[in-house]
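# Coordinate analysis (summary)
So you can see what is in the structure, the chains are spelled out below.
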Amino acid sequence: MNGTNVLGEFLRARRALVRPQDAGIRGGGLRRVPGLRREEVAMLSGISADYYLRLEQGRDRNPSLQVLEALADVLNLDANATEHLIGLAQARPSQAHRAAPAAGRGRGAARRPETVPPDILQLLEAWPNNPAHVENKFTDVLASNALARALSPNHAPGSNIMRAVLLDESERELRRDWDELTEAGVAALRANVGPDVDDPRLVELVGELSVRSERFRYLWGRHDVRPKQSRLLRLRHPKVGDFELHASKLGIVGSDGLILKVFQAAPGSRDAELLAILGSLTASGDADRDPAGPESRRAVKEQEQEQ
């Protein structure tokens, strides 16, 4: 990732994902690279090929809203990706010409400590039956309750959810929907940071994951953009086996993009019973014992026999 031509990087990545036949282009001979050619994007958007080339190369910094919307239509962008495209274009002049980084921003600036409001910390502890944690827009965990840490040790403060899911093998074993989860997670990271690609924390995280995770390199290179959504998680926990939890993501008002993430099971379901077992193990201190312990195996077996 380089922050000098974010608009051009986005345009190149997205045109590579558009099949020529889907854009109404037939034939066209052999193609050395996937997707649309630059001149095809220009023709379909109603702009000159030279002007589009300047956009991709970062030599034009002031495309009109009309041009951006035309490009979004050709590239089959949804509303979120279109908003992201417009944000990239609007941010470029100020980023390119500012004399000094704003306070607390830029590569050399110290980042202000992020704090979780006291009432949110109290709320976490008031949910003994619901795993819950607070994360920032980079998925750094800032606070969590005991049941969240029992669900995964990577919910402990100081962990990074994106890093854990992509690099920790135990986390991959926990997430039965790992492929869908990683795709949605990387797209949400794009949406969270928008054009602010030179944030030191983002540079650090993307740099590490790009080196260590082929999956991340592929997904980050697609430039997919989708905000965080509530979703159903399919889990395989070493203590209680397979179950499903609904993950709700709630923005914390007055914070710089902090998210309160709460997990819950459908009332009266087997998932709720298994979550209760995990909660009882946590309360008794057994959650940290051998995952294959007889007590855990017996509890899970009894639940299965009742079904």
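Structure shown above.
Because the structure is predicted, anything quoted here is derived from the model rather than measured. (Residues numbered from 1 in each chain as written. Predicted model: local features only at pLDDT ≥ 70, side-chain atom pairs only at ≥ 80, totals over all residues. Heavy atoms only, no water.)

## A few points about the overall build of the protein
Counting its secondary structure elements, the protein contains 14 helices and five strands. Accessible surface for the protein amounts to roughly 15,800 Å². Of this, 50% is attributable to carbon and sulfur atoms. (Helix = DSSP H or I, 4+ residues; strand = E, 2+ residues; numbered from the N terminus. Areas by Shrake-Rupley, 256 points an atom, 1.4 Å probe, with all protein chains shown as cover.)

## A closer look at the environment of Arg 15
Mapped onto the secondary structure, Arg 15 falls in helix α1 (residues 6-15). Among the residues examined, Arg 15 registers a relative accessible area of 11% and is labelled buried. Counting along the chain gives 23 residues from Arg 15 to Arg 38, while the straight-line C-alpha distance between them is 8.1 Å. Those residues in contact with Arg 15 that sit more than four places away from it in its chain are Gly 35, Leu 36, Arg 37, Arg 38, Val 41, Tyr 52, Glu 56 and Leu 75. (Buried < 20%, exposed > 50% of the residue type's maximum accessible area, 1.4 Å probe, protein only. Contact = heavy atoms within 4.5 Å.)

## Regarding the nonpolar core
The tendency in soluble globular proteins is for nonpolar side chains to be buried side by side. Core analysis: the biggest nonpolar cluster contains 62 residues, and Leu 11, Leu 71, Leu 85, Leu 189, Leu 202, Phe 243 and Leu 245 have the highest contact counts within it. Contacts of Phe 243, omitting those with residues within four sequence positions, involve Leu 151, Arg 176, Leu 233, Arg 234, Leu 235, His 237, Asp 271, Leu 274 and Leu 275. (Core = buried A, V, L, I, M, F, W, Y, C linked by side-chain atoms within 4.5 Å.)

## Concerning empty space enclosed by the protein
Tallied over the full model, the rule gives two cavities of 30 Å³ or more. Taken as a whole, the second largest cavity holds about 30 Å³ of empty space. Lining the second largest cavity we find Leu 151, Ser 152, His 155, Leu 174, Arg 175, Leu 233, Leu 235 and Phe 263. Of the residues that constitute the lining of the second largest cavity, the class distribution is five nonpolar, two polar and one charged. (1 Å grid on protein atoms, 1.4 Å probe; cavity = no way out; pocket = protein on both sides within 12 Å on 5 of 7 lines; lining within 4 Å. Points joined across faces, edges and corners; volume = space filled by probe spheres on them. Nonpolar A, V, L, I, M, F, W, Y, C, P; charged D, E, K, R; others polar.)

## Re helix α10 (residues 178-193)
Taking 1.5 Å as the rise per residue, α10 with 16 residues should run 22 Å; its terminal C-alpha atoms sit 22 Å apart, in good agreement. Of all the positions in α10, only Trp 178, Leu 181, Thr 182, Val 186, Ala 187, Ala 188, Leu 189, Arg 190 and Val 193 are classed as buried. Count one or two residues on from α10 and you reach Gly 194, which has phi positive near 55°. (Expected span 1.5 Å × (residues − 1).)

## Comments concerning the pattern of salt bridges
The tally for this structure, following the rule as stated, stands at 19 salt bridges. Between Arg 38 and Glu 56 there is a salt bridge, and its shortest N-O distance comes to 2.9 Å. Of the two residues, Arg 38 is situated in helix α2 (residues 38-45) and Glu 56 in helix α3 (residues 49-57); the sequence distance between them amounts to 18 residues. With relative accessibility at 34%, the residue Arg 38 sits in the partly exposed group. Here Arg 222 and Asp 224 are joined by a salt bridge, their closest N and O atoms 2.8 Å apart. What makes Asp 224 buried here is its relative accessible area of 7%. (Salt bridge = Lys/Arg side-chain N within 4 Å of Asp/Glu carboxyl O.)

## Remarks on the packing of α10 against helix α12 (residues 214-222)
The relative placement of two packed helices is expressed as an angle between their axes plus a distance between the axes. Orientation of α10 relative to α12, taken along the N-to-C sense of each, is 50°, at an axis distance of 10 Å. Classified by the angle between their axes, α10 and α12 sit oblique to one another. Our pair here, α10 against α12, has a crossing hand that is right-handed. Facing α10, whose interface residues are Trp 178, Asp 179, Thr 182, Glu 183, Val 186, Leu 189 and Arg 190, α12 presents Arg 215, Phe 216, Leu 219 and Trp 220. Residue composition of the contact of α10 with α12, by class: six nonpolar, one polar and four charged. (Axes fitted to C-alpha atoms, helices over the stretch in contact; angles between N-to-C directions. Parallel < 35°, antiparallel > 145°, perpendicular 65-115°, else oblique. Left-handed = near helix turned anticlockwise from the far one by under 90°.)

## A closer look at the packing of aromatic side chains
Taken as a whole and assessed by the stated rule, the structure comprises one aromatic pair. Between Arg 172 and the ring centre of Trp 178, over which it is positioned, the NZ or CZ distance is 3.7 Å. In this arrangement the basic side chain of Arg 190 is found over the ring face of Trp 220, its NZ or CZ atom lying 3.7 Å from the centre. (Phe/Tyr/Trp six-rings, centres within 6.5 Å; stacked < 30°, edge-to-face > 60°. Lys NZ or Arg CZ within 6 Å of the ring centre and 35° of its normal.)

## As for the pairing of strand β4 (residues 241-251)
Here strand β3 (residues 231-237) runs beside β4; their pairing, made up of seven bridges, is antiparallel. Bridge pairing in β4 links Leu 232 to His 246. In sequence, β3 turns back onto β4 through a hairpin of three residues. Pairing of β4 with strand β5 (residues 259-264) involves six bridges; the strand directions are antiparallel. (Pairing = 2+ DSSP bridges.)

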